[in-house]
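Chain and residue survey
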Amino acid sequence: MKILVCVKQVPDMESRFRISAAGTWYETTDLAWRMNEYDEFAVEQAVQIKEQLGGDTEITVLSVGPDRVKEAMKKALAMGADRGVHIQDAANHEKDSFEIASIIAEYASGQNFGLILTGMQSQDRGSAQVGVLLAGMLKLPAVTTIVGFSLENGTATVRRELEGGMKAVVKVPLPALFTCQLGLNTPRYPTLPNIMKAKKKELATLAVADLLKVEALSVTEKMALPEKKGSGLILEGEIGELADRVIGILKEKTAVFK
Amino acid sequence: MKALLVGEYREGKLLGSTYETVAFAEKLGAKAMMFAIGNPDDPPHFDGKLYLADAAQYGEYNPEAHLALLQEVLRKEQPDLVVLCHSSYGWDLAPRLALALTVAQISEVIDVQDGLYIVPACNSKLRRKVKPNSNLAVVTLQSGAFGLTGEPSGTPNIEMIEISVESRTEFAGYEVAEKGEVDLSRAEVIVSAGRGIGRPENVEIIAGLARALHGELGASRPVVDSGWVEHSRQVGTTGQTVAPKLYVACGISGAIQHLAGMKKSGFVVAINKDKDAPIGEVADVLVVADVLQFAPALAAKAASLAH
């Protein structure tokens, strides 16, 4: 079986974000980049399925973005993906989910992927659309937000995470697409030998212009910092003094010490 | 403007979040009608047309059937907007509809200003202002971003809808979380550990502060997913929704799904190294410090006070 895993490279969310000069995205210089957290679960699941099925199972990891996204792809290769397809696009952040999904669908159509895994959303844009749109474009069934996956006789049984600790159990025959939620598995850390091995794996680059055949359905007009509510008190200083001040506040504002 | 609202049902009951779509339509001054796959015996309080399909027939999770039913309604009505909750139901169905109609979908809307939809980005550290390029747009609303000012009221004019549809997904039922060791919804004080505590051994430091404040230990999702704290202590939309008198967030950045689970707390103290962490939006006091140093210091001082 051929498995496709779509990954995105995103900034570390602990970063201090600034607005870009164009005002429609965040400034991308001086950021630490990593694989989108949700996608790590997708890669791990693909590798576990390959371990289960063995044989001629092949995992392709795909990413759309500028050259730096190859770092995230190399991590996926070191985790156990077999080959990479980098869709070179310096302006991927200007594209909406529909365009990104169309680009991937254009690449994937006719390649007979039996299983496609994506993160349930990206940490930066957070639209949670690309996976579902891609499945629709490829006419595959899709189930979102999975926290459990098992495969038997060509049918996947997955657990969808719902609100309040509930899950829905869903059965889907492959080929199908699933979007992965945190907690689906425990993503492995690439070992040094596997990092070395990954360097030898195929990592092909395709030009986005050859794959983009649609126009955006929405556009980011503006990116902005949130309006500060300013109601909260911010305390900084020496630890002991901070603790005294918080005790004082709790005595005044709450009944904890009564 | 005409808005088609999509209601949600679970285990035969209307979900209260459905009214957030009603509040959104009211805010926009849109003429609203509703669609849901649910229970005819538990309709929403809503004055307007309700297109209802029986969940007993189609299943509460059956995306292909739900999409086909929704498209059936769109053949009868020509709304300018289709509104869903940004929930496990909404984010699953909305992109399917947007693709079927080739229209824009805008996810997790928190506000509308000057015709632009405002959505969070980068763990809510940024706001993206989005314009649809299509006449019709499908939007999902962030949980809790829109609320009715009063109690929901009204009686819908129900039209049952039916279609025949083949489905490739089979909904095999629900799994309910096992009862855990604690019911946080009753706790008056909760001290929660987040990813910022760094290592599982440090959970004990946060539990120590919880004891000193006579409260219960809570946790954010990554801490529970990592197996450092058991699931019944998870605060957030996929865990417990809590409203203690005092909530202390230790090393919790404040992901939307966590904030939605604790923002009704009486008083919120957040301890975080990152001054810009979104938890600051709901904190009454944000202590900018290393939680591993500050929590023991606060616990020692609290323990020395007579309760």
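Residues numbered from 1 in each chain as written. Chains lettered and ligands numbered in written order. Predicted model: local features only at pLDDT ≥ 70, side-chain atom pairs only at ≥ 80, totals over all residues.

Some points on the overall build of chain B
A count of helical and extended segments in chain B gives eight helices and 18 strands. Counting only C-alpha atoms, chain B reaches 70 × 40 × 35 Å along its principal axes. Sorting the 307 residues of chain B into buried and exposed places 53% on the buried side. A separation of at least 24 residues holds for 65% of the contacts in chain B among residues at least 6 apart in sequence. (Helix = DSSP H or I, 4+ residues; strand = E, 2+ residues; numbered from the N terminus. Buried ≥ 20, exposed ≤ 12 C-beta atoms within 10 Å, placed from the backbone. Contact = placed C-beta atoms within 7 Å.)

What to know about the overall build of chain A
Helix and strand counts for chain A stand at six helices and 13 strands. With respect to the principal axes defined by its C-alpha atoms, chain A has extents near 65 × 45 × 40 Å. Looking at chain A residue by residue over its 258 residues, the buried ones come to 47%. Within chain A, contacts between residues at least 6 apart in sequence are counted, and of these 72% link residues at least 24 apart.

Side note on the interface of chain A and chain B
How big an interface is tends to be expressed through the accessible area that disappears when the partners come together. On the side of chain B, 72 residues touch chain A, which itself brings 65 residues to the contact. In terms of residue count, the dominant contributor to the side of chain A that touches chain B is helix 6 (residues 239-253) of chain A (nine residues). Looking at side-chain class alone, the side of chain A that touches chain B contains 35 nonpolar, 14 polar and 16 charged residues. Where strand 13 (residues 233-235) of chain A lies against strand 18 (residues 285-288) of chain B, three bridges are found, and the strand directions are parallel. Note on strand 18 of chain B: the bridge partner recorded for A:Ile234 is B:Leu286. (Nonpolar A, V, L, I, M, F, W, Y, C, P; charged D, E, K, R; others polar. Pairing = 2+ DSSP bridges.)

Remarks on the nonpolar core
Ranked by size, the top nonpolar core spans 122 residues in total, and within it A:Val5, A:Val43, A:Ala46, A:Val61, A:Ala76, A:Ile104 and B:Val83 carry the most contacts. For B:Val83, the residues in contact, after removing those within four places along its chain, are B:Ala3, B:Leu5, B:Val6, B:Thr21, B:Phe24, B:Ala25, B:Val139 and B:Leu141. Counting 52 residues, the second largest nonpolar core, distinct from the first, contains B:Val189, B:Ile197, B:Val269 and B:Ile271. (Core = buried A, V, L, I, M, F, W, Y, C linked by C-beta atoms within 7 Å.)

Topic: the packing of helix 3 (residues 97-108) of chain A against helix 4 (residues 130-137) of chain A
Residues and elements named next belong to chain A. Look at helix 3 against helix 4: their axes get within 9 Å of each other, and the N-to-C directions meet at 45°. Viewed along their axes, helix 3 and helix 4 adopt a mutual orientation that is oblique. For the crossing formed where helix 3 meets helix 4, the hand is right-handed. Along the contact surface, helix 3 presents Ser97, Phe98, Ile100, Ala101, Ser102, Ile104 and Ala105, while helix 4 presents Val130, Leu133, Leu134 and Met137. The residue makeup of the contact of helix 3 with helix 4, split by class, is nine nonpolar, two polar and no charged. (Axes fitted to C-alpha atoms, helices over the stretch in contact; angles between N-to-C directions. Parallel < 35°, antiparallel > 145°, perpendicular 65-115°, else oblique. Left-handed = near helix turned anticlockwise from the far one by under 90°.)

A word on the sheet that holds strand 12 (residues 218-224) of chain A
Pairing is antiparallel across the open sheet formed by four strands, whose spatial order is 12(A)-10(B)-9(B)-8(B). Of all strands in the sheet, those with a lone pairing partner are strand 12 of chain A together with strand 8 (111-113) of chain B, marking the two edges. In this sheet, neighbouring strand axes are inclined to one another by 35° on average, regardless of whether the strands run parallel or antiparallel. Of the strand pairs in this sheet, strand 12 of chain A and strand 10 (residues 126-132) of chain B are connected by six bridges, and their pairing is antiparallel. Paired with A:Lys222 across the bridge in strand 10 of chain B is B:Lys129.

Notes on the sheet that holds strand 13 of chain A
The strand order across the open sheet built from six strands is 13(A)-18(B)-17(B)-16(B)-14(B)-15(B), with neighbouring strands paired in parallel fashion. Each of the sheet's edge strands pairs with one partner strand only, and the pair in question is strand 13 of chain A together with strand 15 (216-219) of chain B. Neighbouring strand axes in the sheet, compared pairwise and without regard to direction, differ in orientation by 20° on average. Packed on one face of the sheet, helix 6 of chain A meets strand 13 of chain A together with strand 17 (267-272) and strand 18 of chain B and runs near 170° to strand 18 of chain B. Contacts from helix 8 (residues 291-303) of chain B reach strand 16 (246-250), strand 17 and strand 18 of chain B within the one sheet, and its direction differs from that of strand 17 of chain B by about 135°.

Digging into unusual backbone geometry
Between A:Leu174 and the following residue, A:Pro175, the backbone shows a cis peptide bond with an omega angle of 5°. Checked against the element boundaries, A:Pro175 lands in the loop between strand 9 (167-173) and strand 10 (176-180). The phi dihedral of B:Glu108 falls on the positive side, at around 60°, and the residue is not glycine. Structurally, B:Glu108 is set in strand 7 (residues 104-109). Even without being glycine, B:Asp114 reaches a positive phi, approximately 50°. Structurally, B:Asp114 is set in the loop between strand 8 and strand 9 (116-121).

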